[in-house]
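# Results of the structural survey
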Amino acid sequence: MSLADLTLDHWCSLDAAAAGRIAREAAAQADGRLVLLDTVEHLGRPLHRVRIEREGREFALVPGGPVRLGFDLDAWEPTPAQRADYAESVAEGYGYGHDTLEGHLAEMLSPSRTTALAAVLMAVEGEPLTECPAGTPAALAARGLRMPGPDEWEHACGAGAGTLFRWGNECPLDEPSYGGGSGVRLRRNAFGLHIAYDSYGTELSTDPAVVHGGDGGEAVCGGYGDLLAWLPLATAHRNPSAAEFAYGPDGEGMFEEFSTRPVFSLR
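Before going into details, it helps to say that this report is about the structure given with it. The structure presented is a predicted model; accordingly, all values stated were derived computationally and were not measured. (Residues numbered from 1 in each chain as written. Predicted model: local features only at pLDDT ≥ 70, side-chain atom pairs only at ≥ 80, totals over all residues. Heavy atoms only, no water.)

The next subject is the overall build of the protein. Secondary structure assignment for the protein yields 9 helices and 10 strands. For 267 residues, the compact-globule formula gives about 18 Å, and the C-alpha radius of gyration of the protein, at 18 Å, lands near that figure. A principal-axis box enclosing the C-alpha atoms of the protein has dimensions of 55 × 45 × 35 Å. Out of the 267 residues in the protein, the part that is buried amounts to 50%. Taking the intrachain contacts of the protein between residues at least 6 apart in sequence as the baseline, contacts between residues at least 24 apart amount to 71%. Approximately 11,700 Å² of the protein is accessible, and the part contributed by carbon and sulfur atoms is 51%. (Helix = DSSP H or I, 4+ residues; strand = E, 2+ residues; numbered from the N terminus. Rg over C-alpha atoms; globule rule 2.2 N^0.38 Å. Buried < 20%, exposed > 50% of the residue type's maximum accessible area, 1.4 Å probe, protein only. Contact = heavy atoms within 4.5 Å. Areas by Shrake-Rupley, 256 points an atom, 1.4 Å probe, with all protein chains shown as cover.)

A few words on the nonpolar core. In summary, soluble globular proteins display a tendency toward joint burial of nonpolar side chains. Ranked by internal contacts, the top residues of the largest apolar core, which has 48 residues, are Trp11, Leu61, Leu121 and Leu266. Elements supplying a minimum of two residues to this core: helix H1 (8–13), helix H2 (16–29), strand S2 (45–54), strand S3 (57–62), strand S6 (120–123), helix H6 (150–158), helix H9 (240–247) and strand S10 (263–265). By residue number, the principal contributor to this core is H2, which donates 6 residues. Discounting chain neighbours no more than four positions away, the residues touching leucine 121 are Ala26, Ala30, Ile52, Phe59, Ala60, Leu61, Pro262, Val263, Phe264 and Leu266. Counting 20 residues, the second largest nonpolar core, distinct from the first, contains Tyr86, Phe165, Cys171 and Leu227. (Core = buried A, V, L, I, M, F, W, Y, C linked by side-chain atoms within 4.5 Å.)

Following the sequence through the fold, asparagine 189 ends up in the loop between H6 and strand S8 (203–204). Within polar-contact distance, the side chain of asparagine 189 engages the backbone oxygen of cysteine 157 at 3.0 Å. Among all residues touching asparagine 189, those that are not within four sequence positions of it are Arg49, Ala156, Cys157, Arg166 and Ile195. (Polar contact = N/O pair within 3.5 Å; in protein donor to acceptor, adjacent residues only side chain to side chain.)

Now for a negative patch on the surface. Among the surface-exposed residues, Glu88, Glu92, Asp174, Glu175 and Asp226 lie close enough to one another that they form a single negatively charged patch. Along the chain, aspartate 174 turns up in the loop between H6 and S8. (Patch = residues over 30% accessible without salt bridge, like charges linked within 9 Å, V, L, I, M, F, W, Y side chains within 5 Å. Salt bridge = Lys/Arg side-chain N within 4 Å of Asp/Glu carboxyl O. Lys, Arg positive; Asp, Glu negative; His and termini not counted. Charge placed at Lys NZ, Arg CZ, Asp CG, Glu CD.)

Turning our attention to the sheet that holds S10. A sheet is described by the order of its strands in space; here 5 strands give the open sequence S1-S2-S3-S6-S10, paired in antiparallel fashion. Strand pairing shows two members of the sheet lacking a second neighbour, strand S1 (33–42) and S10, which therefore form its edges. On average, each strand axis in the sheet is tilted by 25 degrees relative to the strand beside it, whichever way the strands run. Sheet strands touched by H2: S1, S2, S3, S6 and S10. Its angle to S1, the strand with the most contacts, is close to 140 degrees. Docked against the sheet, H6 engages S1, S3 and S6, running at close to 80 degrees with respect to S6. (Pairing = 2+ DSSP bridges. Axes fitted to C-alpha atoms, helices over the stretch in contact; angles between N-to-C directions.)

Moving on, we come to the environment of leucine 47. Relative to the assigned elements, leucine 47 resides in strand S2. For the pair formed by leucine 47 and tryptophan 11, sequence separation is 36 residues and the distance between their alpha carbons is 7.5 Å. Apart from the residues lying within four places of it in its own chain, the contact partners of leucine 47 are Leu8, Trp11, Cys12, Asp38, Thr39, Val40, His42, Ala190 and Phe191.

Counted according to the given criterion, the structure contains 5 aromatic pairs. Measuring from centroid to centroid gives 5.0 Å for phenylalanine 165 and tryptophan 167, while their planes differ by 0 degrees, and the two rings are stacked. Note on phenylalanine 165: relative accessible area 0%, which makes it buried. Of the residues examined, tryptophan 167 reaches a relative accessible area of 23% and is grouped as partly exposed. Put simply, the rings of Phe165, Trp167 and Trp230 touch in pairs and so form one group of aromatic residues. (Phe/Tyr/Trp six-rings, centres within 6.5 Å; stacked < 30°, edge-to-face > 60°.)

Next up on the list: the sheet that holds strand S9 (residues 259–260). Here we have 3 strands laid out as an open sheet, ordered S7-S9-S8, and mixed in their pairing. Two strands lie at the open edges of the sheet, namely strand S7 (127–128) and S8, each paired on one side alone. Sheet topology note: the S8/S9 ladder contains 2 bridges and is parallel. Looking at S9, one finds that leucine 204 is bridged to threonine 260.

Once that is clear, we can look at the layout of surface pockets. Of the voids in this model, the largest pocket is the one considered here, and its volume is about 250 Å³. Contributing to the lining of the largest pocket are 18 residues, with Tyr197, Gly201, Thr202, Glu203 and Ser259 lying nearest its centre. (1 Å grid on protein atoms, 1.4 Å probe; cavity = no way out; pocket = protein on both sides within 12 Å on 5 of 7 lines; lining within 4 Å. Points joined across faces, edges and corners; volume = space filled by probe spheres on them.)

For the rest of this paragraph, the subject is the side chain of aspartate 85. With respect to the helices and strands, the residue aspartate 85 is situated in helix H3 (residues 80–91). Comment: no salt bridge for buried aspartate 85; closest opposite-charge side chain is arginine 83, at 12 Å. Apart from the residues lying within four places of it in its own chain, the contact partners of aspartate 85 are Leu173, Gly225, Asp226 and Leu227.

What follows is the structure in structure tokens.
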């Protein structure tokens with residue numbers, strides 16, 4: 001079996017010995033070194049986590065296959081606290097033109113959908129751009145890497161969870177969505193990625209119409225409200241206005257403020 005064909009369902013069905021064989025093969029393909037293989041419980045079943053060191057950077061194995069992406073607004077009910085916080089933001093003029101939280105999310109989140117993805121190795125940490133966005137694919141290709149697609153980024157972040165955030169549908173509104181400290185946003189996700197953890201971050205993928213994992217601090221600095229400051233960390237959050245800035249003339253001289261999450265394609 002090609003490693004690119006490794007599905008999440010099949011990966012979760014393997015025992016530790018079989019998972020180890022695949023992990024070592026993935027490390028060999030990447031000319032890397034296996035540094036971690038463990039198993040955690042995720043969504044009611046065991047999930048093996050693999051970390052591979054390649055050229056001084058760590059990559060996690062992200063199995064693919066048929067995956068569900070986006071956010072199903074029809075199956076979700078916001079908490080009273082979330083509704084109240086958004087209503088306060090609207091009253092202060094920060095509703096992006098939407099009176100309801102659902103209306104705002106319908107514009108800012110990718111729709112619920114199913115697609116098929118290849119298994120890949122994805123960088124555990126985002127990497128600041130060293131070139132403008134247009135020059136980043138060539139810079140990564142010189143290292144045998146590439147930018148993630150937007151669907152790959154969402155799948156890697158959510159790891160199959162259909163919740164608003166990678167950890168669930170709620171966020172601690174009384175805590176900051178940025179900076180250090182502790183809390184649910186700073187924990188590594190199910191695949192072992194340090195992802196969607198600081199709203200000041202802005203990760204780019206191959207789609208210039210979207211950004212991921214943060215809004216560059218726009219909502220925090222603008223005083224938009226607690227929930228609106230947390231929403232850029234939502235797995236399916238796409239933030240077209242932040243993407244327009246990042247790829248537009250105003251963002252040209254600030255490319256070092258943006259990051260991407262390099263991918264090694266398995267075969």
